[in-house]
Amino acid sequence: MADKTYAPIGVFDSGYGGLTILKELEKTLPEYDFLYLGDNARTPYGTRSFDVVYRYTLQAVKYLFDQGCPLIIIACNTASAKALRNIQMLDLPNLAPHNRVLGVIRPSVEKVSEMTKNGHVGVLGTVGTVVSESYPIELVKWSEGRVKSTVQEACPMWVPIVENNEIGTEGADYFVRKNILNILAKDNHIDTLILGCTHYPLLETVIRKHVPDGIHILKQGHIVAEKLVDYLLRHPEIESRLSRSGQVTFDTTESAENFNSKASLFMGRPVEAKTVSY
Ligand code: DGL
């Protein structure tokens, strides 16, 4: 059991993608403690079935609760789409009724609704996120009629490109271009494009190269951070339980050595992860 004074915000992703959220969280809320968990041993989640993503995500949530996290951000769209609702409705009441688990889809949907001028939105995501239809459903529910059309494009090669360090290659350029052309062909009036996978900001340079000027590209990191600030203000019962010593720690289910070299590059400072199993 964890030290009782240590109560970090848990940040979970299938691999490295959630670091794009963590980076913004620590920038916006530097006084809080964060514990990042990457299930790198079992990434990617994007092509896995509903049941498997739910099972893996629930295991991660239990692990983070055991480490003392009163609040967890599922920094993964696939897990948010396929597991979050069940965890919130079915598991949390028995597991830890006073703790909270939040996802990345709802804050993104709220932001997109504010940003779009013409109501034409595009969503880039994993196969799992796209097939779940979470974005189109949530956009209808929360945009108050502002979003009129949502088209989606699954980009199954993008996560493996990031996880395998192929970001600057011709292969990356080929697949990114192909998926961007596909989504623009589905609706050439799109004015706002959501990067609906936390891995995708790592491909930002190549994505920008193929997206016409004038289309907003929304990354989720600062959106989630902004909404979390607001959440903590509205939920003092959770906020008061969080520890604040500005510590950020990293756990991975794969080799810590591999994780450290990639995560350090991305975070722009040395990262010392610990390999864990649960
Ligand atoms: N980063 C995750 C997301 O936002 C998924 C990556 C994966 O396929 O595991 O959807």
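Read on for a plain summary of the structure. (Residues numbered from 1 in each chain as written. Predicted model: local features only at pLDDT ≥ 70, side-chain atom pairs only at ≥ 80, totals over all residues. Heavy atoms only, no water.)

1. Focus on helix α9 (residues 170–186)
Given 3.6 residues to a turn, an α-helix orients residues that are three or four positions apart in the same direction.
For step 1, the next point in the chain: When the terminal C-alpha atoms of α9 are compared, their 25 Å separation across 17 residues agrees well with the 24 Å that a helix rising 1.5 Å per residue should span.
For step 2, the next point in the chain: Those residues of α9 that sit buried are A172, V176, N179, I180, I183 and L184. Taken around the axis of α9, the buried residues stretch over an arc of 135°, which confines them to a single face. The outward face of α9, more than 90 degrees from its buried face, is lined by the exposed residues E170, Y174 and A185. (Helix = DSSP H or I, 4+ residues; strand = E, 2+ residues; numbered from the N terminus. Expected span 1.5 Å × (residues − 1). Buried < 20%, exposed > 50% of the residue type's maximum accessible area, 1.4 Å probe, protein only. Arc of directions from axis to C-beta.)

2. Examining unusual backbone geometry
Peptide bonds are, in most cases, trans, and in most cases residues other than glycine have a negative phi.
For step 1, the next point in the chain: Going from T43 to P44, the amide bond is cis rather than trans, its omega being 0°.
For step 2, the next point in the chain: You can see P44 is positioned in the loop between β2 (34–38) and α2 (50–66).
For step 3, the next point in the chain: One non-glycine residue, E133, adopts positive backbone phi at about 60°.
For step 4, the next point in the chain: Structurally, E133 can be placed in the loop between α6 (127–132) and α7 (134–142).
For step 5, the next point in the chain: Residue classification places E133 among the partly exposed residues on the basis of a relative accessible area of 38%.
For step 6, the next point in the chain: The backbone phi angle of N165 is positive, close to 60°, even though this residue is not glycine.

3. Overview of the sheet that holds strand β5 (residues 120–125)
Each strand in a sheet pairs with another by means of backbone hydrogen bonds, the pair being arranged parallel or else antiparallel.
For step 1, the next point in the chain: Taken in spatial order, the four strands of this open sheet run β6-β5-β7-β8, and their pairing is parallel. A strand with exactly one partner marks an edge of an open sheet, and here the two such strands are β6 (149–154) and β8 (216–218). Strand after strand, the sheet turns through a mean of 20° between neighbouring axes, direction not considered.
For step 2, the next point in the chain: Alignment of β5 against β6, held across six bridges, turns out to be parallel. Its bridge partner lying in β6, V123 is registered against Q152. (Pairing = 2+ DSSP bridges. Axes fitted to C-alpha atoms, helices over the stretch in contact; angles between N-to-C directions.)

4. Focus on the layout of surface pockets
For step 1, the next point in the chain: Considering only enclosed or pocket space, the largest pocket measures out at about 850 Å³ in volume.
For step 2, the next point in the chain: For the largest pocket, the lining is made up of 32 residues, of which L84, Q88, G103, R106 and E138 are closest to its centre.
For step 3, the next point in the chain: Those elements giving two or more residues to the lining of the largest pocket turn out to be α3 (77–82), α4 (84–95), β4 (100–102), α5 (105–115), α7 and α11 (220–234).
For step 4, the next point in the chain: For the lining of the largest pocket, the element with the most residues is α11, which contributes six residues.
For step 5, the next point in the chain: Across the lining of the largest pocket, the residue classes tally to 15 nonpolar, six polar and eleven charged. (1 Å grid on protein atoms, 1.4 Å probe; cavity = no way out; pocket = protein on both sides within 12 Å on 5 of 7 lines; lining within 4 Å. Points joined across faces, edges and corners; volume = space filled by probe spheres on them. Nonpolar A, V, L, I, M, F, W, Y, C, P; charged D, E, K, R; others polar.)

5. Some thoughts on the packing of aromatic side chains
For step 1, the next point in the chain: All told, the structure shown has nine aromatic pairs when counted by the stated rule.
For step 2, the next point in the chain: Seen in terms of ring centroids, Y45 and Y56 are 5.6 Å apart; in terms of plane orientation they differ by 55°. Their pairing is tilted. Taken as a pair, Y45 in the loop between β2 and α2 and Y56 in helix α2 lie far apart in primary sequence, eleven residues in all. The residues Y45 and Y56 share a single accessibility class, namely buried.
For step 3, the next point in the chain: Plain terms: the ring middles of Y174 and F175 are 5.0 Å apart, the flat faces sit at 80° to each other, and that makes the pair edge-to-face.
For step 4, the next point in the chain: Assessed through its relative accessible area of 24%, F175 is described here as partly exposed.
For step 5, the next point in the chain: What links up through ring pairs into an aromatic cluster is the set Y16, Y36, F250 and F259.
For step 6, the next point in the chain: The aromatic ring of F266 is capped on one face by K23, whose charged end is 4.6 Å from the ring centroid. (Phe/Tyr/Trp six-rings, centres within 6.5 Å; stacked < 30°, edge-to-face > 60°. Lys NZ or Arg CZ within 6 Å of the ring centre and 35° of its normal.)

6. Focus on the sheet that holds strand β10 (residues 273–275)
For step 1, the next point in the chain: Overall, parallel pairing links the six strands, which are arranged β4-β3-β1-β2-β9-β10 in an open sheet. Single-partner strands in this sheet number two, and they are β4 and β10. Here the strands of the sheet are splayed against their neighbours by 20° on average, with no regard to which way each runs.
For step 2, the next point in the chain: In this structure, strand β9 (residues 248–252) lies alongside β10, joined through three bridges in parallel fashion. Within β10, the position partnered with F250 by the bridge is A273.
For step 3, the next point in the chain: The strands touched by helix α13 (residues 256–267) are β2, β9 and β10; relative to β10, the strand with the most contacts, the crossing angle is about 155°. (Contact = heavy atoms within 4.5 Å.)

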